[in-house]
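# Survey of secondary and tertiary structure
Listed below, chain by chain, are the residues.
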Amino acid sequence: MKNELKIRLFSYDHRLLDDVVRNIMKSMDEIGVKVRGPIPLPTKKEVFTICRSPHVNKPSREQFERRTHKRLLIIDGNNGEVIKKLKSISLASGIEIKISL
């Protein structure tokens, strides 16, 4: 079994997401751990259509969309120092992170 840690990052803002990924990569380079990635995962696009005036002007509609950008990092050599370093990294609001072994 490989000793690797998979980190998935999600955000609506791709620039903020890339900054956090760079921050994680830099901190892993400081302790000398090999990192594969960032691997861009498919962007989830949700479109919402809302009637502007439901009673009078039925054809008048407005559309909104929300894009969820995702990145994957794979860290080889999972040990206590890696976990300690990951806990010390400050994440900006709007970033969701999922860590799996």
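Residues numbered from 1 in each chain as written. Predicted model: local features only at pLDDT ≥ 70, side-chain atom pairs only at ≥ 80, totals over all residues. Heavy atoms only, no water.

### What to know about the overall build of the protein chain
- Per the secondary structure count, the protein chain includes two helices and four strands.
- Relative to its length of 101 residues, the protein chain is extended, with a C-alpha radius of gyration of 19 Å against a globular reference of 13 Å.
- In terms of its C-alpha atoms, the protein chain occupies a principal-axis envelope of roughly 65 × 30 × 15 Å.
- Taking all 101 residues of the protein chain together, 26% fall into the buried category.
- For the protein chain, the accessible surface area stands at approximately 7,200 Å², while carbon and sulfur atoms represent 51% of it.
- Put simply, the protein chain has 21 plus and 12 minus side-chain charges, and the middle of one group is 6 Å from the middle of the other. (Helix = DSSP H or I, 4+ residues; strand = E, 2+ residues; numbered from the N terminus. Rg over C-alpha atoms; globule rule 2.2 N^0.38 Å. Buried < 20%, exposed > 50% of the residue type's maximum accessible area, 1.4 Å probe, protein only. Areas by Shrake-Rupley, 256 points an atom, 1.4 Å probe, with all protein chains shown as cover. Lys, Arg positive; Asp, Glu negative; His and termini not counted. Charge placed at Lys NZ, Arg CZ, Asp CG, Glu CD.)

### So, the sheet that holds strand 4 (residues 95–100)
- One open sheet accounts for four strands, arranged 2-3-1-4; its pairing is antiparallel. Taken across any chain shown, the strands that pair with only one partner, and hence form the sheet edges, are strand 2 (35–51) and strand 4. Averaged over all adjacent pairs, the angle separating strand axes in this sheet is 15 degrees, with direction ignored.
- Across six bridges, strand 1 (residues 4–11) lies against strand 4 in antiparallel orientation. (Pairing = 2+ DSSP bridges. Axes fitted to C-alpha atoms, helices over the stretch in contact; angles between N-to-C directions.)

### Comments concerning the side chain of threonine 68
- Positionally, threonine 68 belongs in strand 3 (residues 61–76).
- Among all residues touching threonine 68, those that are not within four sequence positions of it are Phe10, Ser11, Tyr12, Pro42, Thr43 and Lys44. (Contact = heavy atoms within 4.5 Å.)

### Thoughts on the pattern of salt bridges
- Evaluated as defined, the whole model comprises ten salt bridges.
- Of the charged contacts in the structure, one is a salt bridge between glutamate 4 and arginine 36, with a shortest N-O distance of 2.7 Å. Of this pair, glutamate 4 sits in strand 1 while arginine 36 sits in strand 2, placing them 32 residues apart in sequence.
- According to the relative accessible area criterion, glutamate 4 is buried, its value standing at 16%.
- Salt bridges sharing partners connect three or more residues here, namely Glu4, Arg36 and Asp76. (Salt bridge = Lys/Arg side-chain N within 4 Å of Asp/Glu carboxyl O.)

### So, unusual backbone geometry
- With an omega of 5 degrees, the peptide bond between glycine 37 and proline 38 qualifies as cis.
- Within the secondary structure layout, proline 38 lies in strand 2.

### What to know about the packing of helix 1 (residues 14–30) against helix 2 (residues 80–88)
- In the contact formed by helix 1 and helix 2, the axes pass within 10 Å of each other and the chain directions differ by 145 degrees. The chirality of how helix 1 crosses helix 2 is right-handed. Of the residues in helix 2, those touching helix 1 at Ile24, Ser27, Met28 and Glu30 are Val82, Lys85 and Leu86.
- Residues belonging to the contact of helix 1 with helix 2 are distributed by class as follows: four nonpolar, one polar and two charged. (Left-handed = near helix turned anticlockwise from the far one by under 90°. Nonpolar A, V, L, I, M, F, W, Y, C, P; charged D, E, K, R; others polar.)

No statement about biological role is implied by the geometric values presented.
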